[in-house]
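Each chain is listed here by its residues.
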Amino acid sequence: MKSTKPYRLSRRSGQLASAVPQVVALRVGRMLAAGPLPNARDQREFYRMGAEKVEAFWESWLAMASQGVLAQQRFALWWFQTWWRVALGGWMNPPTVGHLSARAGRHLVDSALDVALRGMAPVHRRAVDNARRLSRPAR
């Protein structure tokens, strides 16, 4: 069975590629309409625009760092389990270097996808929510 992680990453990337230009266009239009003296509502939105970028960056960075540490731990566990299997009885029928390298490659790709998905989540969530929120008519 194929992994759904590449498909999730591609779907989220597509949604992000659709939402970001929409949010930028709506916010730039709002800035132009506000002129040199924005009202309180526009000032809140402009502040929110900057603050959420900083929050999303730090959330994304923390998520990727923690997922990277988890990936390293999982890989180390897999490596030690493989080594012990060979040392405690697998020496009669050891895995081939090709098999070990293919398994290590799968771990690496799977871990990289996990890190990318975790890092994209905060940015994706904010961009899609902002596109939805800003495209609604003003009350």
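This report concerns the structure included in the present document. The structure displayed is predicted, hence computed values, not measured ones.

Within the secondary structure, T82 sits in helix α2 (residues 40–87). You can call T82 buried: its relative accessible area is 10%. A polar side-chain atom of T82 sits 2.9 Å from the main-chain carbonyl oxygen of W78.

Attention now moves to the nonpolar core. In this structure, L9, L16, A19, V23, L113, L117, M120, A127, V128, A131 and L134 together form the largest nonpolar core, which totals 11 residues. For this core, the secondary structure elements donating two or more residues are α1 (5–34) and α3 (97–135). If we ignore the near neighbours within four places in the chain, the residues touching M120 are L9, R12, S13, L16 and S60.

Moving on, we come to the environment of L70. For L70, the position within the fold is in helix α2. Relative accessible area serves as the criterion here: at 29%, L70 is assigned to the partly exposed category. Remark: the alpha-carbon pair of L70 and H124, spanning 54 residues in sequence, is separated by 22 Å.

The grouping of F75, W79, F80, W83, W84 and L88 at the surface amounts to a nonpolar patch, some 720 Å² of accessible area in total. Tracing the backbone through its elements, the reader meets W83 in helix α2.

Moving on: the layout of surface pockets. When its volume is computed, the largest pocket comes out at roughly 360 Å³. As for the largest pocket, its lining consists of 13 residues, and the residues nearest its centre are R30, R41, E45, R133 and L134. Tallying contributions element by element places α2 first for the lining of the largest pocket, with 4 residues. Looking at the lining of the largest pocket residue by residue, the class counts come to 4 nonpolar, no polar and 9 charged. Considered as a void within the structure, the second largest pocket measures approximately 260 Å³ in volume. In this structure, the second largest pocket is lined by 13 residues; those nearest its centre are V23, R27, E52, K53 and A127. Among the secondary structure elements, those contributing two or more residues to the lining of the second largest pocket are α1, α2 and α3.

Another point: the pattern of salt bridges. Under the definition given, this model contains 11 salt bridges. With a shortest N-O distance of 2.9 Å, E45 and R27 are connected by a salt bridge. Here the residue E45 occupies a position in helix α2, and R27 occupies one in helix α1, the gap between them amounting to 18 residues. For the salt bridge of R126 with E59, the shortest nitrogen-to-oxygen distance reads 2.8 Å. Placement of the pair is R126 in helix α3 and E59 in helix α2, with a sequence separation of 67 residues. Accessibility expressed as a relative area gives 16% for R126, which makes it buried. Exposure remark for E59: the relative accessible area of 33% places this residue in the partly exposed category. Each of R27, R30, D42, E45, E52 and R133 takes part in a single network of salt bridges with overlapping partners.

Analysis parameters
Residues numbered from 1 in each chain as written. Predicted model: local features only at pLDDT ≥ 70, side-chain atom pairs only at ≥ 80, totals over all residues. Heavy atoms only, no water. Helix = DSSP H or I, 4+ residues; strand = E, 2+ residues; numbered from the N terminus. Buried < 20%, exposed > 50% of the residue type's maximum accessible area, 1.4 Å probe, protein only. Polar contact = N/O pair within 3.5 Å; in protein donor to acceptor, adjacent residues only side chain to side chain. Core = buried A, V, L, I, M, F, W, Y, C linked by side-chain atoms within 4.5 Å. Contact = heavy atoms within 4.5 Å. Patch = residues over 30% accessible without salt bridge, like charges linked within 9 Å, V, L, I, M, F, W, Y side chains within 5 Å. Areas by Shrake-Rupley, 256 points an atom, 1.4 Å probe, with all protein chains shown as cover. Salt bridge = Lys/Arg side-chain N within 4 Å of Asp/Glu carboxyl O. 1 Å grid on protein atoms, 1.4 Å probe; cavity = no way out; pocket = protein on both sides within 12 Å on 5 of 7 lines; lining within 4 Å. Points joined across faces, edges and corners; volume = space filled by probe spheres on them. Nonpolar A, V, L, I, M, F, W, Y, C, P; charged D, E, K, R; others polar.

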